[in-house]
Amino acid sequence: MSELQSAENMVSIKIDGKACQAKEGEYILNAARANDIFIPAICYLTRCSPTLACRICLVEADGKQVYACNAKVKEGMEITVNTPNILEERRAIMEVYDVNHPLQCGVCDQSGECELQNYTLELAVDSQSYAIPDTKRESANWSSVLHYDPGLCIVCERCVTVCKDMIGDAAIKTTKRGGADLDKGYKDTMPKDAYAMWNKLQKSLIAPSNGTDSTNCSDCGECVAVCPVGALVSRDFQYRSNAWDLKRIPATCAHCSSGCQIYYETKPASISDRTEKIYRVTNEFHYVSLCGAGRFGYDFENAVKGKDAEAFAKAVEAFNQAKVINFTSVITNEEALMLQTLKEQKGVKLINREARAFQIFLNFYQAASGNSLYKHDFKDVMASDFVMSVGTSLRNDNPNARYAFNNVQKLNKGAGLYFHPVGDKLVPEFGKSIECFAHQAGHEEAALLLIIDLFADHDKLPSSVKDQLNRESLINMLGGDAEKFGDAFDKMMKKKERFSLIVGEDLYFHEKAENLAKLIAVLEASSDVQVVMIPPKTNSLGVALICDLDDEAEGYTVGYNAPGDFTISALGDGDLDMPAMNQQEGTLTNMNKRVVPTNAAVEYHGYELNDIVREVIGAPKLTIDWTQYLPEAKGFQAVAFDTLPNGYHNDGSENRGYALQITTSEVGEIEVAKFDESISLEGQIAYRCNPQRQFNDFSDKAHQIFEAFALYASPAKAETLGKRVVVEFDNGNLELDVVVDERMEGDIVAIPDFKSAYNIYELFGASRYQKVIIREV
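Conventions used here
Residues numbered from 1 in each chain as written. Predicted model: local features only at pLDDT ≥ 70, side-chain atom pairs only at ≥ 80, totals over all residues. Heavy atoms only, no water. Helix = DSSP H or I, 4+ residues; strand = E, 2+ residues; numbered from the N terminus. Rg over C-alpha atoms; globule rule 2.2 N^0.38 Å. Buried < 20%, exposed > 50% of the residue type's maximum accessible area, 1.4 Å probe, protein only. Contact = heavy atoms within 4.5 Å. Areas by Shrake-Rupley, 256 points an atom, 1.4 Å probe, with all protein chains shown as cover. Lys, Arg positive; Asp, Glu negative; His and termini not counted. Charge placed at Lys NZ, Arg CZ, Asp CG, Glu CD. Salt bridge = Lys/Arg side-chain N within 4 Å of Asp/Glu carboxyl O. 1 Å grid on protein atoms, 1.4 Å probe; cavity = no way out; pocket = protein on both sides within 12 Å on 5 of 7 lines; lining within 4 Å. Points joined across faces, edges and corners; volume = space filled by probe spheres on them. Nonpolar A, V, L, I, M, F, W, Y, C, P; charged D, E, K, R; others polar. Domains from an automatic or database assignment. Buried area = accessible area lost by both parts, 1.4 Å probe. Pairing = 2+ DSSP bridges. Core = buried A, V, L, I, M, F, W, Y, C linked by side-chain atoms within 4.5 Å. Axes fitted to C-alpha atoms, helices over the stretch in contact; angles between N-to-C directions.

Colleague: When you look at the overall build of the protein chain in this model, what are you seeing that I'm missing?
Modeller: Secondary structure assignment for the protein chain yields 24 helices and 37 strands. Relative to the globule expectation of 28 Å for 777 residues, the C-alpha radius of gyration of the protein chain, 27 Å, shows essentially globular dimensions. Across its three principal axes, the protein chain shows a C-alpha extent of roughly 85 × 70 × 60 Å. Counting all 777 residues of the protein chain, 61% fall into the buried class. Within the protein chain, contacts between residues at least 6 apart in sequence are counted, and of these 73% link residues at least 24 apart. Accessible surface computed for the protein chain: about 31000 Å², of which carbon and sulfur atoms make up 45%. In the protein chain, which carries 79 positive and 112 negative side-chain charges, the distance between the mean positions of the two groups comes to 4 Å.

What follows is the structure, given as structure tokens:
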């Protein structure tokens with residue numbers, strides 16, 4: 001039994017006579033899986049709402065037939081998985097599923113990874129009792145990544161469910177289709193559930209929700225992952241390989257700070273070229289959902305044929321000469337420790353803009369709260385029924401934060417508050433009980449003050465906060481209507497018991513970062529709101545904990561995947577090549593404060609950072625030999641890399657790496673500065689924010705990630721700008737194409753930072769928002 005199970009309220013049940021423990025209120029199906037007992041189910045997804053679409057999870061509970069995906073366990077319940085009647089029902093359902101399903105298993109792109117095929121064999125369906133005239137069903141490309149073949153579709157609704165309940169796009173739906181009339185004679189001969197399935201299959205198919213031939217979605221591909229047959233497939237992967245030819249390599253996604261568990265699936269590129277090539281990425285979709293970058297942005301490896309001894313010698317010389325190392329957070333914890341060791345022994349300055357801002361904010365937070373790190377994670381968010389977000393563009397910054405916000409609305413009958421200066425059309429669609437505040441940039445303190453006013457025990461508040469709480473004034477300042485919000489909030493709070501707050505990068509890059517950190521500490525100390533933070537980039541949390549970062553530095557600079565006088569780069573554009581993250585072993589520290597392992601998917605034949613460090617100051621033989629030396633004082637553990645697991649238990653609990661240790665110390669009363677509303681920005685404002693699916697140079701390198709480095713604007717704003725513009729900052733200019741983001745609202749424009757060569761952090765400085773001048777070219 002996992003730690004997660006043992007921490008919950010448990011009940012005792014019996015399944016087929018076996019004594020089992022289950023979480024109170026858990027669905028029978030999940031309870032069985034957690035206890036390693038098999039109940040067939042096609043339509044059910046663990047973290048989504050049950051749809052009862054397939055009905056083969058039928059079981060007997062306390063003498064009554066129920067659906068295991070929708071019936072909850074209770075103390076003393078006795079469950080029988082198989083009875084003669086249930087087996088007859090399941091077989092009939094599978095026969096219905098198999099009616100008119102094309103007999104093309106040998107050439108189907110699912111290539112054996114087919115749950116319809118598996119269950120047909122499992123339930124011993126070796127004949128067909130039913131027949132009906134087939135209908136014409138045309139296949140279609142729904143987007144740049146999705147292909148749908150309705151002839152293979154069994155209308156299990158998994159794709160519809162995951163898109164609605166997890167991703168939040170709700171881009172596909174079940175719709176009517178024409179065809180032959182049903183043979184009414186089957187109604188009297190078919191088992192009840194089989195006949196219901198018969199009706200559905202002959203009348204329904206899946207289609208884009210917007211009524212067009214293409215989906216208006218995030219191109220995450222999660223619908224492809226969950227499809228049990230070959231109906232929804234990746235256009236890029238289709239007919240490129242049989243699944244059984246691929247080798248699965250467990251790893252961690254290197255694009256954002258979610259650090260999702262993934263499998264790189266590889267095989268030799270061709271008969272003549274035996275170099276391993278990544279053909280696709282897959283995931284354990286019952287336990288983790290990927291974004292489009294994680295699923296499709298996999299081919300960013302640095303193809304190096306061999307070691308360049310001359311370039312390596314120059315690199316060693318550059319490191320010996322360096323006064324500064326400029327680097328990004330797309331590195332492992334082990335590499336971060338190497339850089340910190342260089343600083344300690346050689347005195348070099350370490351520059352990492354995104355991690356430094358987060359490091360400073362964490363230091364402010366620790367001083368105010370006494371906690372070495374925020375205590376909660378995104379599993380706590382998904383268990384809440386009222387979620388709030390301040391300081392992050394949910395749709396763009398971190399996909400799993402967005403998924404959690406949406407999932408609370410769909411599964412927990414939740415409510416939410418979303419505070420952000422950039423208007424967004426998608427977030428309000430997550431649920432009916434969401435209030436969005438498109439406040440002025442700079443008014444993030446007011447958002448936190450309002451949350452404190454709404455949720456804190458005012459008797460526990462310091463006077464420096466209590467004196468600033470004027471609900472009506474705060475709501476109006478944030479762009480809301482105090483009277484309307486009051487009525488709406490009362491309805492939102494009905495039957496709500498668990499509260500969470502997501503905070504993001506806008507707060508770290510903020511003139512009042514210290515005060516914002518104090519307000520978060522006050523909220524935690526005076527309420528039941530559970531706070532989580534989104535680290536800005538891939539391994540920003542690991543870098544912030546391991547490295548003693550500097551604010552400014554000058555002198556001869558080595559750049560690691562970043563500008564410098566001498567550059568080492570995994571992009572293939574530096575003075576010395578380095579391995580990309582899909583070519584490395586090591587660990588990352590994700591936003592859930594877990595140190596998780598990643599593995600090399602494709603070979604790398606050049607030098608690594610460890611080779612340079614060994615020459616300059618001495619180092620262990622392998623990069624992963626550093627893993628056991630990660631700083632225990634910062635919460636890491638002295639464990640060897642090869643002992644780290646990377647998977648999930650059957651009950652859904654995470655079995656990946658280990659959780660950072662968090663320490664707590666006593667602090668005095670927090671003195672919060674008065675909110676100064678004059679710091680808000682007015683005029684033409686640019687926001688440093690990437691488009692969906694773009695996070696860094698490596699996502700941009702992948703051939704299926706096409707979102708451009710451009711200025712993104714709402715449809716109305718784009719009309720006023722023209723096709724190409726110059727954006728003037730105080731310290732430089734950018735010339736960019738204008739791209740319409742149909743889901744943006746308002747006048748603030750977004751400028752990406754995913755191309756390090758543009759030095760976007762230098763243009764924006766200590767804030768994600770800057771006042772700019774925009775003129776058409």
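Read on, since the account is not over.
Colleague: Any chance you could explain the pattern of salt bridges here in plain terms?
Modeller: Pairs may arise between side chains of opposite charge once their charged atoms sit close together. Enumeration over the complete set of coordinates arrives at 39 salt bridges. For Glu95, the salt bridge identified is with Arg91, shortest N-O distance 3.1 Å. Remark: Arg91 and Glu95 occur in helix α3 (residues 84-98); sequence separation between them is four residues, near one turn of the helix. When its relative accessible area of 4% is taken as the criterion, Glu95 is described as buried. You can call Arg91 partly exposed: its relative accessible area is 23%. Among the salt bridges present, the one from Asp424 reaches Arg395, with a minimum N-O distance of 2.7 Å. With Asp424 in strand β18 (residues 423-424) and Arg395 in the loop between β16 (386-390) and α13 (399-411), the pair connects residues that are 29 residues apart, well separated along the chain.

Colleague: So what exactly am I meant to see when it comes to empty space enclosed by the protein here?
Modeller: Regions of empty space are outlined by a rolling probe, equal in size to a water molecule, passed over the atoms. By the definition in use, this model includes nine cavities of 30 Å³ or more. Empty space within the largest cavity amounts to approximately 160 Å³. Forming the walls of the largest cavity are 16 residues, and the residues nearest its centre are Val99, Arg137, Arg177, Leu201 and Gln202. Contributing elements (two or more residues each) for the lining of the largest cavity: α3 and α6 (192-203). In terms of residue class, the lining of the largest cavity is built from eight nonpolar, five polar and three charged. Estimated volume of the second largest cavity: approximately 130 Å³. In terms of lining, the second largest cavity is formed by 17 residues, of which the most central are Asp397, Glu505, Pro536, Lys537 and Asn690. For the lining of the second largest cavity, a count of residues per class yields six nonpolar, five polar and six charged.

Colleague: Could you clarify how one ought to interpret unusual backbone geometry in this entry?
Modeller: Phi angles above zero are rare outside glycine, and Asp16 is one such case at about 50°. If you trace the backbone, Asp16 turns up in the loop between β1 (10-15) and β2 (18-23). The exposure class of Asp16 is partly exposed, given its relative accessible area of 45%. A positive phi angle, close to 55°, is found at Asp219, a residue other than glycine. When you line up the elements, Asp219 lands in the loop between β9 (204-208) and α7 (222-226). On the basis of relative accessibility, which here comes to 9%, the residue Asp219 falls in the buried class.

Colleague: Sorry if this is basic, but what is going on with the domain arrangement of the protein chain here?
Modeller: Put simply, an interface is often sized by how much accessible area is lost when its parts join up. Structurally, the protein chain comprises domain 1 (1-82), domain 2 (367-533) and domain 3 (680-776). One C-alpha centre belongs to domain 2, the other to domain 3; they are set 26 Å apart. Between domain 2 and domain 3, the residue contacts involve 23 residues of the former and 22 residues of the latter. Across the domain 2 to domain 3 interface the summed buried area is about 1900 Å²; carbon plus sulfur atoms make up 49%. For the domain 2 face of the interface with domain 3, the top three residues by lost area are Arg395, Lys425 and Phe509, together amounting to 32%.

Colleague: I would appreciate a short explanation of the side chain of Thr567 in the present structure.
Modeller: Relative to the elements of secondary structure, Thr567 occurs in strand β23 (residues 566-569). Setting aside residues up to four positions removed in sequence, Thr567 forms contacts with Gly559, Ala562, Asp573, Gly574, Asp575 and Leu576.

Colleague: How should the sheet that holds strand β22 (residues 557-560) be read in this particular structure?
Modeller: Strand pairing in a sheet takes place through backbone hydrogen bonds and is either antiparallel or parallel in direction. Spatial strand order, β15-β14-β22-β23-β24: five strands in an open sheet with parallel pairing. At either margin of the open sheet sits one strand with a lone partner, and together these are β15 (349-351) and β24 (576-577). When β22 meets β23, the two strands line up parallel, connected through three bridges. Counterpart to Tyr560 in the pairing with β23 is Ile568.

Colleague: Just checking my understanding: could you explain the nonpolar core for this structure?
Modeller: In globular proteins that are soluble, nonpolar side chains generally tend to be buried together. In this structure, Tyr264, Phe327, Leu417, Phe455, Leu501 and Leu576 are the most contacted members of the largest nonpolar core, which totals 142 residues. It is helix α14 (residues 444-455) that contributes the most residues to this core, nine residues altogether. Beyond its immediate chain neighbours, meaning those up to four positions away, Leu501 contacts Met388, Ser389, Val390, Leu448, Ile451, Leu523, Val529, Gln530, Val531 and Val532.

Colleague: Where do I start with the layout of surface pockets in this structure?
Modeller: One number sums up the size of the second largest pocket: a volume of about 1000 Å³. Taken together, 45 residues form the lining of the second largest pocket, with Glu113, Glu115, Ala225, Asn283 and Phe285 sitting closest to its centre. Contributions of two or more residues to the lining of the second largest pocket are made by α4 (115-122), α7, β10 (232-234), β13 (276-282) and α8 (292-296). Of the residues forming the lining of the second largest pocket, the biggest block, four residues, is contributed by β13.

Colleague: Help me understand the environment of Ala456, please; the structure alone is not making it clear to me.
Modeller: Secondary-structure assignment places Ala456 in the loop between α14 and α15 (463-466). For Ala456, the residues in contact, after removing those within four places along its chain, are Ile451, Leu461, Ser526 and Ser527.

Colleague: What should I look at first to understand the sheet that holds strand β3 (residues 58-61) in this one?
Modeller: Reading across the sheet, the five strands line up as β2-β1-β5-β3-β4 and stay open at both edges, with mixed pairing between neighbours. What marks the edges here is a single partner per strand, and that holds for β2 and β4 (64-67). Adjacent strand axes in the sheet meet at a mean angle of 40°, parallel and antiparallel pairs treated alike. Summarising the sheet, β1 and strand β5 (residues 78-80) pair through two bridges and their orientation is parallel. Its bridge partner being in β5, Ile15 is matched across the sheet by Ile79. Contacting β3, β4 and β5, α3 crosses the sheet at an angle of about 160° to β3.

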